[in-house]
Amino acid sequence: MKRPILIHPDPRLKKVCAPVPDMSDALRSLADDMLETMYAAPGIGLAAPQIGVMDRLIVLDCAKEGDENPRPLVMFNPQITASSDETNVYEEGCLSIPDQYAEVTRPKVVDVEWMDRDGNACSETFDGLWATCVQHELDHLDGKLFIDYLKPLKRQMITRKMQKLKRERARG
Ligand code: NI
């Protein structure tokens, strides 16, 4: 089931999310809803707080359309265990900040540990767009948005645009 995506500014996008205890059918179905919501948007990553659920859960798929097979990843309690000194700059966007993009510098390579949809412990090294996406989504679980990396003036400008968008949407 597709879920509505929260738009910044929203207090739920600023909170630290709680670790997920044991795997359950409810959590599996939440992860499935998030993948469906992400693909429909369309987007390459989504974090649970973006649909108002304060659990440490992210989903992503950075496979290039047409070039690569889809690779939906579901990560419960993801943790970065190592980051490269080498950095990468990507123009980032966010489903909670529609149509706004800005360059963000992050470590180029990260090692990540997580629990998958079946409750298995997983670990993998991510590079390039996958590494950026994992870090962007993981930030959401700590109440951090990509615009928090920008200079205050640019961040305020984007926030004002989003407030206007929300007012317009509320009016219908
Ligand atoms: Ni985002």
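Scroll up for the structure.
What you see is a predicted model, and the numbers here were worked out from it, not measured in a lab.

Draft legend 1. Examining the coordination of the nickel ion more closely. Taken together, Cys94 (SG), His136 (NE2) and His140 (NE2) make up the full set of protein donors to the nickel ion, lying 2.1 to 2.3 Å away. Read from N- to C-terminus, the donor residues coordinating the nickel ion fall into the pattern C-x41-H-x3-H. Placement of Cys94 in strand E4 (residues 87–94) and of His136 in helix H2 (residues 128–141) is noted, with a sequence separation of 42 residues between them. The residues Cys94 and His136 share a single accessibility class, namely buried.

Draft legend 2. Quick peek at the sheet that holds strand E7 (residues 121–127). Strand order in this open sheet of five strands is E1-E2-E3-E6-E7, and the pairing throughout is antiparallel. Of all the strands in the sheet, just strand E1 (45–47) and E7 have a single pairing partner and so form its edges. Strand-to-strand, the axes of this sheet are offset by a mean angle of 40°, without reference to chain direction. Two strands pair when backbone bridges link them, and strand E3 (residues 73–83) and strand E6 (residues 109–115) are joined in this way by five bridges, in the antiparallel orientation. For Phe76, the partnering residue across the bridge sits in E6 and is Met115. Relative to the sheet, helix H1 (residues 25–40) contacts E1, strand E2 (57–60) and E3, its axis offset from that of E2 by approximately 40°.

Draft legend 3. Representation of the layout of surface pockets. The calculated volume of the largest pocket comes to roughly 370 Å³. Lining the largest pocket are 22 residues; nearest its centre among them are Ile44, Glu92, Gly93, Cys94 and Tyr101. The class makeup of the residues in the lining of the second largest pocket is five nonpolar, three polar and four charged.

Draft legend 4. Inspection of the side chain of Gln135 at higher detail. Mapping Gln135 onto the fold places it in helix H2. Since its relative accessible area comes to 7%, Gln135 is described here as buried.

Draft legend 5. Seen up close, H2. Along its 14 residues, H2 runs 21 Å from first to last C-alpha, staying within 8% of the 20 Å computed at 1.5 Å per residue. With respect to burial, H2 is a largely interior element, 13 of its 14 residues being buried. Once H2 ends, the next one or two residues include Gly143, with phi positive near 70°.

About the thresholds
The numbers attached to residues start from 1 for each chain and follow its sequence in the written order. Per-residue local features of the predicted model are confined to residues with pLDDT of at least 70, and side-chain atom pairs are confined, for both listing and counting, to 80 or more; whole-chain, interface and lining totals are unaffected and use all residues. Think of the side-chain values as coming from all heavy atoms in the structure, minus any hydrogens and water. The donor definition counts N, O and S atoms within 2.8 Å of each metal and applies 3.2 Å to Na, K and Ca; water is not among these atoms, so some sites may look incomplete. Secondary structure is summarised from DSSP: a helix means a run of H or I of at least four residues, a strand means a run of E of at least two, and numbering begins at the N terminus for each. For each residue, the accessible area found with a 1.4 Å probe, counting protein chains only, is set against the maximum for its type, and the residue is called buried under 20%, exposed over 50%, and partly exposed in between. Strands are labelled as partners when DSSP assigns at least two bridges between them. Here an angle of 0 to 180 degrees is reported between the N-to-C directions of two axes, which are lines fitted to C-alpha atoms, with helices fitted over the stretch in contact. Here, residues are in contact when the closest pair of their heavy atoms is within 4.5 Å. Think of a 1 Å grid over just the protein atoms. A cavity is a set of points where a 1.4 Å probe fits yet cannot get out, a pocket is an open set with protein on both sides within 12 Å along at least five of seven lines, and lining residues have an atom within 4 Å of a point. Grid points are joined across faces, edges and corners, and a volume is the space filled by probe spheres set on the points. Residue type decides the class: Asp, Glu, Lys and Arg count as charged, Ala, Val, Leu, Ile, Met, Phe, Trp, Tyr, Cys and Pro as nonpolar, and the leftover types, Gly among them, as polar. To estimate how far a helix should reach, multiply one less than its number of residues by 1.5 Å.

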